Structure formats: C-alpha cells, structure tokens
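# Chains, contacts and geometry: an overview
If you want the building blocks of each chain, they are given just below.
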Amino acid sequence: MSKKILITGAGSGLGKGTAIGLAKKGHQVIAGVLQWEQVTALRAEAEKENIAENLKVIKLDITDEIDCANAQKFDIDILVNNAGIGETGPLAEIPVKLMRKVMETNVFSTLEFSQPFIKKMVEKNQGKVFFVSSMAGLSTYPFLGPYNASKHALEAVAQCLRDELKPLGITVATINPGPFRTGFNDRMFDTFEQWFDADKNFTSIEPLKQIQAGVASDEAQFDPQEMIDKMIEVIPAENHLFRTMVPEAIVEHCKTYQQNQWTIEI
C-alpha cells in the first residue's frame, strides 16, 4: 500500500538514497533538503530516474520557521526525521555554542518540527514517526561528545514519545545507523580544525588525529546501500522492531558497550 512519507535531510547520504528508493517503490515522498542547490540537483535526478511524480523536493532547514511552516502544510502518513549535524573535539574545551548548535538541530528543532505532524496524526488516530538516531545514541566515543549527547537525548525523546503516543494510535521508532561511507562522518571529524589550536588547547592533538583517521576512514565505514535498503524496507512496513540498527555487528557492539558500563571501576 502506497504511503505518503516526508523525509528531512534528504539532500545527501542515507536520506537521499532512502527518498529515491521509496519513490521507486511507488510511495509518495516529500524530500526535504537543506540547500536550494540540493533542490535543483535532486529534482533533476528524479526526472532522470522517472520518479518525479512520486518525489516532491522541497527546501527544508528544520531550524528555519518559514521552511518548517511550508513543510507542515503536507498531510502525511509517515515522518522520517533524518536531518542532523555533528561537531567534534574534547568536551572540556569545545566552545559550548557548538554543542548548543548540535542539540538545537538534532533534538530541539527535530521535536519542534515533529509536533504539528504528530497532532494531525493523533486527530486521525494513525501515523508513524521515525527518528534517525545512530549507534552513537547507544555508545560513546572520545571527542564525539556533542553528537553522542544529541543522539542519546534523541533516544530518550523517541522512547518517551513511543510510550505516550501508543495509546493514541501513533507508532514511534528509531533507525540507528552504524558508520556508513556517506561523507557525513568525514566532515564531522573535520569540524574541530575550525577552532582547535594545538599551541593553546591542553588536549593533545594526536588522539584527535588518530580517531579522525580511524573512524572517518574508508576502511572503518560500510557501504551505505545496506542501510538504505533496510530503511526502504522498514519505513513503510506495518510491523518491525522499535529500533533498527545496521549492520548486525554494531548491534552486538552497542549491547556489549552498555553492559560494560555497569562493571567499569573508577
């Protein structure tokens, strides 16, 4: 059965691939992208793929009131909150305004954008809301504190909404990607270079460079098509797990990580 689905952050990476894939499956997809250049590019790709009738591309910055008001005019069955940003650097030294920026986009604006859609879903007594979180919402990594904190907060938001909205007929779920080769991780690990000064900051730059070269390397990241395929499968499905994490190896990593927190001695 065809669904009307709005996806934020659909201008690149997993969001873009999922929007195109769902449109090819016959769903009516509204793809919200951050920049006007992405609007042009994705509309051209939709024409090329012969899916323009199923894929409506709109300019959507979820921190912008005008963009949000325009997007919230649509009547949808499923909302996929995929838009997100990240910052890296030692939490003891990172400018706190950068952490506020991440929290504003990944948590506050995401919830604020969702609320009008949830209200309309409640009025119809049906609908589904996805929050694209991360393995970083269930485990932490040095120098990834702002992103970790935002995704941990998003997990709590999703779990509370799940329990609050279930009696009202609304489904809430998360999608938790591992590290995929979309360019997002690479650019996120570049961000500390904008403000970090090895001559002034007390944190050594070496561990920062090491994790940047490790986590954001091609070898440490997976082919995004695996995650895109799973999102295309799960988003319109009638029945699925509350949390969808890919790849499977990351599931075990996160479970082990969480269990270990109970035995770590200080």
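Everything below is about the structure shown above.
What counts and how
Residues numbered from 1 in each chain as written. Predicted model: local features only at pLDDT ≥ 70, side-chain atom pairs only at ≥ 80, totals over all residues. Heavy atoms only, no water. Helix = DSSP H or I, 4+ residues; strand = E, 2+ residues; numbered from the N terminus. Rg over C-alpha atoms; globule rule 2.2 N^0.38 Å. Buried < 20%, exposed > 50% of the residue type's maximum accessible area, 1.4 Å probe, protein only. Contact = heavy atoms within 4.5 Å. Areas by Shrake-Rupley, 256 points an atom, 1.4 Å probe, with all protein chains shown as cover. Lys, Arg positive; Asp, Glu negative; His and termini not counted. Charge placed at Lys NZ, Arg CZ, Asp CG, Glu CD. Phe/Tyr/Trp six-rings, centres within 6.5 Å; stacked < 30°, edge-to-face > 60°. Axes fitted to C-alpha atoms, helices over the stretch in contact; angles between N-to-C directions. Parallel < 35°, antiparallel > 145°, perpendicular 65-115°, else oblique. Left-handed = near helix turned anticlockwise from the far one by under 90°. Nonpolar A, V, L, I, M, F, W, Y, C, P; charged D, E, K, R; others polar. 1 Å grid on protein atoms, 1.4 Å probe; cavity = no way out; pocket = protein on both sides within 12 Å on 5 of 7 lines; lining within 4 Å. Points joined across faces, edges and corners; volume = space filled by probe spheres on them. Pairing = 2+ DSSP bridges.

## Focus: the overall build of the protein
- On a plain count of helices and strands, the protein comes out with nine helices and seven strands.
- A globule of 266 residues ought to have a C-alpha radius of gyration of about 18 Å, and the protein, at 19 Å, matches this closely.
- Each principal axis of the C-alpha distribution contributes one length, and for the protein these read about 55 × 40 × 35 Å.
- The buried share of the protein, reckoned over its 266 residues, is 50%.
- Within the protein, residue pairs in contact and separated by at least 24 positions form 73% of the contacts whose partners lie at least 6 positions apart.
- Of the accessible surface of the protein, which amounts to about 13,600 Å², a share of 53% is contributed by carbon and sulfur atoms.
- Both charge centroids of the protein, one from 27 positive and one from 35 negative side chains, sit 6 Å from each other.

## A look at the packing of aromatic side chains
- For the structure shown, the criterion picks out five aromatic pairs.
- Summarising the aromatic geometry, the rings of W195 and F196 are spaced 5.9 Å apart at their centres and angled 70° between planes, so their arrangement reads as edge-to-face. The same class applies to W195 as to F196, namely buried.

## A closer look at the packing of helix 1 (residues 13–24) against helix 8 (residues 224–234)
- Interaxial distance between helix 1 and helix 8 falls to 9 Å at its minimum, and their mutual angle equals 50°. Of the possible angle classes, the one that applies to helix 1 and helix 8 is oblique. The hand of the helix 1/helix 8 crossing is right-handed. Facing G13, L14, G17, T18, G21 and L22 of helix 1, the residues of helix 8 in contact are P224, M227, I228, M231 and I232.
- Counted by class, the contact of helix 1 with helix 8 contains seven nonpolar, four polar and no charged residues.

## A few points about unusual backbone geometry
- Cis geometry is found at the peptide bond from V246 to P247, where omega equals 0°.
- Inspection of the secondary structure assignment puts P247 in the loop between strand 7 (243–246) and helix 9 (248–260).
- Phi at N50 is positive, roughly 60°, even though this residue is not glycine.
- Mapped onto the secondary structure, N50 falls in the loop between helix 2 (36–48) and strand 3 (55–59).
- Within the chain, N125 stands out as a residue other than glycine whose phi angle is a positive 60°.

## Section: the layout of surface pockets
- Of the pockets and cavities examined, the largest pocket occupies roughly 1,100 Å³.
- Lining the largest pocket are 44 residues, with N82, G84, I85, Y147 and F184 sitting closest to its centre.
- Looking at the lining of the largest pocket, the elements with two or more residues in it are helix 1, helix 4 (96–124), helix 5 (145–165) and helix 6 (184–188).
- Sorting elements by how many residues they give to the lining of the largest pocket places helix 6 first, with four residues.
- Partitioning the lining of the largest pocket into residue classes produces 21 nonpolar, 18 polar and five charged.
- Looking at the second largest pocket, its volume works out to about 310 Å³.
- Surrounding the second largest pocket, 14 residues form its lining, K3, G127, K128, T171 and E238 being those nearest its centre.
- Taken together, the residues that form the lining of the second largest pocket break down as four nonpolar, five polar and five charged.

## With respect to the sheet that holds strand 7
- Taking strand neighbours across the sheet as the criterion, the seven strands line up as 3-2-1-4-5-6-7 in an open arrangement whose pairing is parallel. Two strands close off the open sheet at either side, each with one partner strand: strand 3 and strand 7. Looking at each pair of strands side by side, their axes are set apart by 15° on average, direction ignored.
- Across the sheet, helix 4 touches strand 1 (4–7), strand 4 (78–81), strand 5 (127–132) and strand 6 (170–177), and the angle it forms with strand 4 is around 170°.
- Running at roughly 155° to strand 6, helix 5 makes contact with strand 5, strand 6 and strand 7 of the sheet.

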